[in-house]
Amino acid sequence: LEWSNLPLRLRLGTQSVVWGEALHYFSADVLHPKDYRDGFLNQLEWARIPQTGIHLAFDSEAVSLQFIYFPFSQVNRYPRAGAEFSVARYSPESLGLTDVRDESLFKLSEPTLGMNLGVRVSDFEIHAIAAMMRDPQFFIAREAGQVLRRHDRIVQTGLTLSWARDVWLIRAESLWSPRRTVNTFDGATLSSRDVGEVNSILSLEWSKIDNVILALQGYWNQRYLCSSTQILPCRTLQEGFKALVMNLPYEFEFESNFWAEAKGPSFWLSNHLRKSLDEHLRIEVMVEQFFGRGNGVFAEWSNRDQVWTRLEWTF
């Protein structure tokens, strides 16, 4: 249900609210947990889990302000151990743990609260965001003789910046989580520690030729120990390239994405071919290929080539 009296807008119900997204990766897109049970690398909007609640927005030519209240904080969804797209570090079974229980996930006392303040000046647009929510990623804890998947309450703050002029579009995002609990495993012992985390994205898009978009992007993730501010080994450093060609003959559209992960290294290549059958119906064929050693991020999810088809109907 949506009510608007510009510049005010109020939306009630199940919805997706996106704060920052560059190509396929996200840093500032913090309000929604992700569904990793399927080919989430294809398109991020298919992995984003909608939330139910209140979204209040004020949007003028120079300033925007948004408030979010989702009474139930949902969490990420992961495949079962041994399934396709299953990551060992998110599987208690792979650590030899059995009878792992989930803590109560629906708590009115732990809503998702968010605020986004945006300012537009000439060709620049900058947003300051803040969110308090249940950590969508669980950690494993032992309590009263039980093994639990726990989700702590976390605070996340960040900035997004975009600059558009002529054929260029630059987007940058950075998100800081001052404290969250994560598991570590040394091959024999499972333990937990409090860490701070910084995620950053920088992307450059170029579209001088009609119906052609080229883009480069880098993604960086860094953690440090809250107790000593010791920098932990860099967990993720990735670079990507995207090419999108629209309005080909017979209304075809082609998109190619390539990502390189420094750890491993491992590589992921995804090619999409889309065609609109009519004003409501669209079909898409995707081919994903994985290269490199098996300890990279992409190989942790899947080291097999994949072929996907999707039929999309809008009404």
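Structure: above.
Residues numbered from 1 in each chain as written. Predicted model: local features only at pLDDT ≥ 70, side-chain atom pairs only at ≥ 80, totals over all residues. Heavy atoms only, no water.

Caption draft 1: Quick peek at the overall build of the protein. A tally of regular secondary structure across the protein gives 2 helices and 18 strands. Expressed as a percentage of its 315 residues, the buried residues of the protein come to 43%. Pairs at least 24 apart in sequence give 54% of the contacts found in the protein among residues at least 6 apart. Per element, the accessible surface of the protein, about 16900 Å² overall, is 59% carbon and sulfur. (Helix = DSSP H or I, 4+ residues; strand = E, 2+ residues; numbered from the N terminus. Buried < 20%, exposed > 50% of the residue type's maximum accessible area, 1.4 Å probe, protein only. Contact = heavy atoms within 4.5 Å. Areas by Shrake-Rupley, 256 points an atom, 1.4 Å probe, with all protein chains shown as cover.)

Caption draft 2: Local environment of the sheet that holds strand β8 (residues 139–143). Sheet architecture is open: 3 strands sit in the order β5-β9-β8, paired in mixed fashion. Since the sheet does not close on itself, it has two edges, and those belong to β5 (100–102) and β8, each with one partner. In this sheet, neighbouring strand axes are inclined to one another by 40° on average, regardless of whether the strands run parallel or antiparallel. Note: β5 against strand β9 (residues 146–150), 3 bridges, orientation parallel. Residue pairing in the sheet places Val100 in a bridge with Val147 of β9. (Pairing = 2+ DSSP bridges. Axes fitted to C-alpha atoms, helices over the stretch in contact; angles between N-to-C directions.)

Caption draft 3: Region of the structure containing the packing of aromatic side chains. The final tally for this structure, using the stated rule, is 3 aromatic pairs. Residues Phe124 and Trp163 carry aromatic rings whose centres are separated by 6.3 Å and whose planes lie at 40° to one another, so their mutual orientation is tilted. One end of the pair, Phe124, is in strand β7 (residues 124–134); the other, Trp163, is in strand β10 (residues 153–165), with 39 residues separating them in the sequence. Pairing Trp313 with Phe315 gives two aromatic rings, centres 5.0 Å apart and planes at 35°, and the pair type is tilted. Judged by its relative accessible area of 58%, Trp313 is exposed. The ring of Phe138 has Arg149 lying over it, and the distance from NZ or CZ to the ring centre is 5.5 Å. The cationic tip of Lys275 hangs over the ring face of Phe252; the distance from NZ or CZ to the ring centre is 5.2 Å. (Phe/Tyr/Trp six-rings, centres within 6.5 Å; stacked < 30°, edge-to-face > 60°. Lys NZ or Arg CZ within 6 Å of the ring centre and 35° of its normal.)

Caption draft 4: Focus on the environment of Glu205. Within the secondary structure, Glu205 is located in strand β12 (residues 190–206). A relative accessible area of 12% places Glu205 in the buried class. As a C-alpha pair, Glu205 and Arg171 span 34 residues in sequence and 8.4 Å in three-dimensional space. A distance of 2.3 Å separates polar atoms of two side chains, one belonging to Glu205 and the other to Arg171. (Polar contact = N/O pair within 3.5 Å; in protein donor to acceptor, adjacent residues only side chain to side chain.)

Caption draft 5: Focus on the nonpolar core. In terms of nonpolar packing, the biggest core is built from 12 residues, these being Val17, Trp19, Ala28, Val30, Leu31, Ile68, Phe70, Ile129, Ala131, Met133, Ile154 and Leu175. For this core, the element with the highest residue contribution is β7, accounting for 3 residues. Among all residues touching Met133, those that are not within four sequence positions of it are Val30, Leu31, Ser73, Pro111, Thr112, Asp152, Arg153, Ile154 and Gln156. Grouped together as the second largest cluster of nonpolar side chains are 7 residues, Val100, Phe138, Ile140 and Leu190 included. (Core = buried A, V, L, I, M, F, W, Y, C linked by side-chain atoms within 4.5 Å.)

Caption draft 6: Main features of unusual backbone geometry. The residue after Leu6, namely Pro7, is reached through a cis peptide bond having omega 15°. By secondary structure assignment, the location of Pro7 is in the loop between β1 (2–5) and β2 (8–15). Even without glycine at this site, Tyr250 takes up a positive phi of about 60°. We note that Glu251 has phi near 65°; this positive angle belongs to a residue other than glycine. Mapped onto the secondary structure, Glu251 falls in the loop between β14 (236–245) and β15 (252–261).

Caption draft 7: A look at the pattern of salt bridges. In this structure the tally under the stated criterion is 20 salt bridges. With a shortest N-O distance of 2.9 Å, Asp29 and Arg48 are connected by a salt bridge. Placement of Asp29 in the loop between β2 and α1 (44–47) and of Arg48 in the loop between α1 and β3 (51–59) is noted, with a sequence separation of 19 residues between them. The class of Asp29 is buried, set by a relative accessible area of 3%. With a relative accessible area of 8%, Arg48 lands in the buried category. A salt bridge links Glu197 to Arg223, with the nearest nitrogen and oxygen atoms 3.0 Å apart. Taken as a pair, Glu197 in strand β12 and Arg223 in strand β13 (residues 212–225) lie far apart in primary sequence, 26 residues in all. Given a relative accessible area of 2%, Glu197 falls into the buried group. (Salt bridge = Lys/Arg side-chain N within 4 Å of Asp/Glu carboxyl O.)

Keep in mind these values describe shape, not function.
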